[in-house]
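Listed below are the residues making up each chain.
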Amino acid sequence: GAVVSQHPSWVICKSGTSVKIECRSLDFQATTMFWYRQFPKQSLMLMATSNEGSKATYEQGVEKDKFLINHASLTLSTLTVTSAHPEDSSFYICSALSGGGRYEQYFGPGTRLTVT
Amino acid sequence: GQSLEQPSEVTAVEGAIVQINCTYQTSGFYGLSWYQQHDGGAPTFLSYNGLDGLEETGRFSSFLSRSDSYGYLLLQELQMKDSASYFCAVSGNTPLVFGKGTRLSVIA
């Protein structure tokens, strides 16, 4: 089956620093990847859609200058949380869209970000 | 816009059957998916219904009625390890939109 990896699985950083999270599709090419954020005991909220070779599309209320997304290849998308604050602490999950006419998203294992 | 409704919590006894309902309002509907998420983990895909009817995968079954904008996930022979959150999600011409999740607690 399709496998998506994320790195790191968890990260602790200080307020004001930047953190980069990588999302890779390991055995398939993904022209489209998605970034979700999940706060404790809440649902997954879509942050942005990442398309290979073009600018990401951000959901309403998500600051594009704070959450930088780069999808430079068909197997890698990165999310950089810039000038992180404690309220950015969350579970960040990426997913990659399958091809072949079936709209199925494969999720990475998630990255737990804690900003101190 | 898109919205999904599912119960927030369900408790069931080990070995029993439980049904988690999901109603949705959306445009450009392709199908209804179900995901399981254990605490601290990422969602894992359980099933997908693109057409009306029942899809069965082992102990899990999922049903869709497009005319009623309704679906459900049926879990049979419940096991303690089934205690998790279950999300329905609609797919259309947009990325998956998730419901708020149903917290299933399986008790002995």
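Higher on the page you've got the structure.
Just so it is clear, the structure is predicted and the values come from calculations on it, not from any experiment. (Residues numbered from 1 in each chain as written. Chains lettered and ligands numbered in written order. Predicted model: local features only at pLDDT ≥ 70, side-chain atom pairs only at ≥ 80, totals over all residues. Heavy atoms only, no water.)

## Things to note about the packing of aromatic side chains
Aromatic ring pairs are reported here in terms of the distance separating the ring centres and the angle at which the planes meet.
All names here are of chain B.
Moving on, step 1. Summed over all chains, the structure comprises 13 aromatic pairs over all chains.
Moving on, step 2. Consider the rings of Phe-63 and Tyr-72, whose centres lie 5.0 Å apart with planes at 20°: the pair is stacked.
Moving on, step 3. Of the residues examined, Phe-63 reaches a relative accessible area of 23% and is grouped as partly exposed.
Moving on, step 4. By relative accessible area, Tyr-72 is classed as buried at 16%. (Phe/Tyr/Trp six-rings, centres within 6.5 Å; stacked < 30°, edge-to-face > 60°. Buried < 20%, exposed > 50% of the residue type's maximum accessible area, 1.4 Å probe, protein only.)

## A look at the side chain of Thr-32 of chain A
Moving on, step 1. The topology assignment puts Thr-32 of chain A in strand β4 (residues 32-38).
Moving on, step 2. Separated by 3.1 Å, the side chains of Thr-32 of chain A and Asn-51 of chain A make a polar contact. (Helix = DSSP H or I, 4+ residues; strand = E, 2+ residues; numbered from the N terminus. Polar contact = N/O pair within 3.5 Å; in protein donor to acceptor, adjacent residues only side chain to side chain.)

## Examining the interface of chain B and chain A
Moving on, step 1. Each partner contributes to the interface: chain B provides 18 residues, whereas chain A provides 19 residues.
Moving on, step 2. When chain B packs against chain A, close to 1300 Å² is buried across both sides, 63% of that on carbon and sulfur atoms.
Moving on, step 3. Interface area lost by chain B to chain A is led by Pro-95, Leu-96 and Phe-98 of chain B, which between them contribute 32%.
Moving on, step 4. At the junction of chain B with chain A, the criterion picks out zero salt bridges.
Moving on, step 5. Viewed at the interface, chain A and chain B are joined by three residue pairs in polar contact (both at pLDDT 80 or more). (Contact = heavy atoms within 4.5 Å. Buried area = accessible area lost by both parts, 1.4 Å probe. Salt bridge = Lys/Arg side-chain N within 4 Å of Asp/Glu carboxyl O.)

## Details of the state of the cysteines
Joining two cysteines, a disulfide is a covalent bond between their sulfur atoms.
Moving on, step 1. All told, the structure shown has two disulfides over all chains when counted by the stated rule.
Moving on, step 2. Disulfide partner of Cys-22 of chain B: Cys-88 of chain B, at an S-S distance of 2.1 Å. Linking Cys-22 of chain B and Cys-88 of chain B, the disulfide has an S-S dihedral of approximately 75° and is accordingly described as right-handed. Pair noted here: Cys-22 of chain B is in strand β3 (residues 18-25) and Cys-88 of chain B is in strand β9 (residues 84-91), with a separation of 66 residues, a long-range link.
Moving on, step 3. With a relative accessible area of 0%, Cys-22 of chain B lands in the buried category.
Moving on, step 4. The thiol sulfur of Cys-13 of chain A is not disulfide-bonded, and the nearest other cysteine sulfur, from Cys-94 of chain A, lies at 18 Å.
Moving on, step 5. A residue is classified by how much of its surface remains accessible, and Cys-13 of chain A, at 9% relative accessible area, is buried. (Disulfide = S-S within 2.5 Å.)

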